[in-house]
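Fold and contact review
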Amino acid sequence: MKYKLLKFNIMGDDRGSLISLEQSKNIPFKINRVYYIYGTKTNVVRGKHAHTSLKQVVVCVNGSCKFLLDDGLKKEVIELNSPDVGLYIGKNIWREIYNFSKDCILIVLANKQYNEEEYIRDYKKFIKTIKK
Ligand code: T46
């Protein structure tokens, strides 16, 4: 699976909404790391890299932003703007994240701990890697 949108069930009642994320249930891997991104300046582009082994699910719990996803053959733009939708991104997908709203908050679940060595931050190297 390269990337995919996941729809989460909302456990709503008259007090409001609740969404639960559980490994190997609605998250398709064992969760080893959680991080969040907030306060991103609206003119900033984040990402601009791929991962050689990491799997992640990104949820935009507030506000909105756009993901450019590139598997080396085709590019697609996906807007995240809803807390009941997760974007699964597998390994070897180049991503650029932009058009952040001022109030954008991303929560990211990852299957591995942070390791800079599995980042590919150079686009030409990314294309070479996926051609192998
Ligand atoms: C992705 C998007 C949504 C850590 O120390 N630990 C961590 O877990 C992470 C993710 C980052 N860092 C350090 C490494 C850098 O010095 O925090 C700094 C910013 O990280 P990065 O340049 O990776 O941030 P983004 O926002 O460009 O990308 C991150 C993820 O790396 C990426 O996989 O999809 O968030």
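Just so it is clear, the structure is predicted and the values come from calculations on it, not from any experiment. (Residues numbered from 1 in each chain as written. Predicted model: local features only at pLDDT ≥ 70, side-chain atom pairs only at ≥ 80, totals over all residues. Heavy atoms only, no water.)

Turning our eyes to something else, we now look at a positive patch on the surface. A grouping of K124, K125, K128 and K132 is seen on the molecular surface, where their side chains present a positively charged patch. Secondary-structure assignment places K128 in helix α1 (residues 123-131). Residue K128 is classed as exposed on the basis of its relative accessible area, which comes to 63%. (Patch = residues over 30% accessible without salt bridge, like charges linked within 9 Å, V, L, I, M, F, W, Y side chains within 5 Å. Areas by Shrake-Rupley, 256 points an atom, 1.4 Å probe, with all protein chains shown as cover. Salt bridge = Lys/Arg side-chain N within 4 Å of Asp/Glu carboxyl O. Lys, Arg positive; Asp, Glu negative; His and termini not counted. Charge placed at Lys NZ, Arg CZ, Asp CG, Glu CD. Helix = DSSP H or I, 4+ residues; strand = E, 2+ residues; numbered from the N terminus. Buried < 20%, exposed > 50% of the residue type's maximum accessible area, 1.4 Å probe, protein only.)

Mapped onto the secondary structure, S64 falls in the loop between β4 (56-62) and β5 (65-70). Filtering out sequence-adjacent residues up to four positions away, S64 remains in contact with E79, L80, N81, N99, F100, S101 and C104. (Contact = heavy atoms within 4.5 Å.)

What follows covers the environment of N9. Positionally, N9 belongs in the loop between β1 (3-7) and β2 (33-38). N9 sits in the exposed class, given a relative accessible area of 63%. Spatially, the C-alpha atom of N9 lies 21 Å from that of Y36, the residues being 27 residues apart in sequence. For N9, the residues in contact, after removing those within four places along its chain, are L18 and I19.

Another aspect to go through is the nonpolar core. Residues V58, F67, L69, L87 and L106 are the most contacted members of the largest nonpolar core, which totals 17 residues. If you list the elements that add at least two residues to this core, you get β4, β5, β6 (75-80), β7 (85-89) and β9 (105-110). Looking at this core element by element, the count peaks at three residues for β5. With near-sequence residues (within four places) excluded, V58 lies in contact with F67, L80, V85, G86, L87, I89, L106, I107 and V108. Within the second largest apolar cluster, eight residues are counted, among which are L6, F8, V57 and L109. (Core = buried A, V, L, I, M, F, W, Y, C linked by side-chain atoms within 4.5 Å.)

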